[in-house]
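Here is how the chains run, residue by residue.
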Amino acid sequence: MRVILADDSVLLREGLSRLLGDAGHDVVAAVGDARALLDEVERHRPDVAVVDVRMPPTHTDEGLRAALEIRERRPEVGLLVLSQYVEKTYAAALLAGSATGLGYLLKDRVSEVADFLDSLERVHAGGAVFDPEVVRRLLARTTRADPLSRLSGREAEVLEHLAQGFVNAAIAARLHVSLSTVEKHVNAIVDKLDLPRDPDYNRRVLAVLRYLGG
């Protein structure tokens, strides 16, 4: 896998470069600002770009805006976005389009090497990967107007796993239930969220978008 790293921390860039190299991946560029990230994506056309949300010069949302630009100009490039904190607005902005080949992780997750590498592989394969803590915070909304309040506890668990990019069989294994039970929960989730039955849309992705977007 060909990867570009974008983070203003030299130590993190060097550490990730070494980690990915040891895992057999090719880090084609490692940069410290959003402008350089955009230039290197055009130059190398990587499989995945790993991008910090906050980058120079203002350390606010330069990395996020660069990721959104990459999404528009090079949709074939997978994006694994890193953030220090749970920032719901940023997650929603990323998912305003397609969730294919997209990940949003807290930086603490990088220290869990196996999980980080697994997330990178799933993004490369076209999956959607969201940090469990991000999902838990977003699912914690309890206002009456929120359609998520209609979900049972188990349905909320299944939706959390959907948002992390797991397929039904993997969810069944993690929750220790049958595959048919997971399928029933998924059907109940998309029905309770009043998602359209339209062949042009993936209802699983729409379920994730529904709570991330509002």
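Residues numbered from 1 in each chain as written. Predicted model: local features only at pLDDT ≥ 70, side-chain atom pairs only at ≥ 80, totals over all residues. Heavy atoms only, no water.

Caption draft 1: View of the sheet that holds strand β6 (residues 128-130). Strands sit in the order β2-β1-β3-β4-β5-β6 across an open sheet of six strands; the sheet is parallel. Two strands bound the open sheet, and with one partner strand each, they are β2 (26-31) and β6. Taking each pair of neighbouring strands and ignoring which way they run, the sheet shows an average axis angle of 15°. Pairing analysis gives five bridges linking strand β4 (residues 78-83) to strand β5 (residues 102-106), with the strands arranged parallel. Of the residues in β5, the one forming a bridge with L82 is L105. (Pairing = 2+ DSSP bridges. Helix = DSSP H or I, 4+ residues; strand = E, 2+ residues; numbered from the N terminus. Axes fitted to C-alpha atoms, helices over the stretch in contact; angles between N-to-C directions.)

Caption draft 2: Representation of the nonpolar core in the model. Residues L37, I70, L79 and L94 are the most contacted members of the largest nonpolar core, which totals 25 residues. Elements supplying a minimum of two residues to this core: β1 (2-6), β2, α2 (34-44), β3 (48-52), α3 (62-73), β4, β5 and β6. Setting aside anything within four residues of it in sequence, one finds I70 in contact with L37, L38, V41, P75, V77 and L79. (Core = buried A, V, L, I, M, F, W, Y, C linked by side-chain atoms within 4.5 Å. Buried < 20%, exposed > 50% of the residue type's maximum accessible area, 1.4 Å probe, protein only. Contact = heavy atoms within 4.5 Å.)

Caption draft 3: The pattern of salt bridges, seen in detail. In total, this model carries 13 salt bridges according to the counting rule given. Close ionic contact of K107 with D7 constitutes a salt bridge, the shortest N to O distance being 2.9 Å. One end of the pair, K107, is in the loop between β5 and α5 (113-124); the other, D7, is in the loop between β1 and α1 (10-22), with 100 residues separating them in the sequence. A single burial state applies to K107 and to D7, both of which are buried. Across the pair R109 and D131 runs a salt bridge, and its minimum N-O distance is 3.1 Å. You can see R109 sitting in the loop between β5 and α5 and its partner D131 sitting in the loop between β6 and α6 (132-139), a full 22 residues away along the chain. Neither residue differs from the other here; R109 and D131 are each classed as buried. Within the structure, one salt-bridge network assembled from shared partners comprises E42, E69, R73 and R74. (Salt bridge = Lys/Arg side-chain N within 4 Å of Asp/Glu carboxyl O.)

Caption draft 4: Summary view of the pairing of β4. Across the six residues of β4, six count as buried, placing the element largely inside the fold. Neither face of β4 is left uncovered, since the one carrying G78, L80 and L82 and the one carrying L79, V81 and S83 both have all their residues buried. The handedness of the β3 to β4 crossover, carried by α3, is right-handed. (Right-handed = clockwise from strand over helix to strand, strands pointing away.)

Spatial relationships are all this shows, so hold off on functional conclusions.
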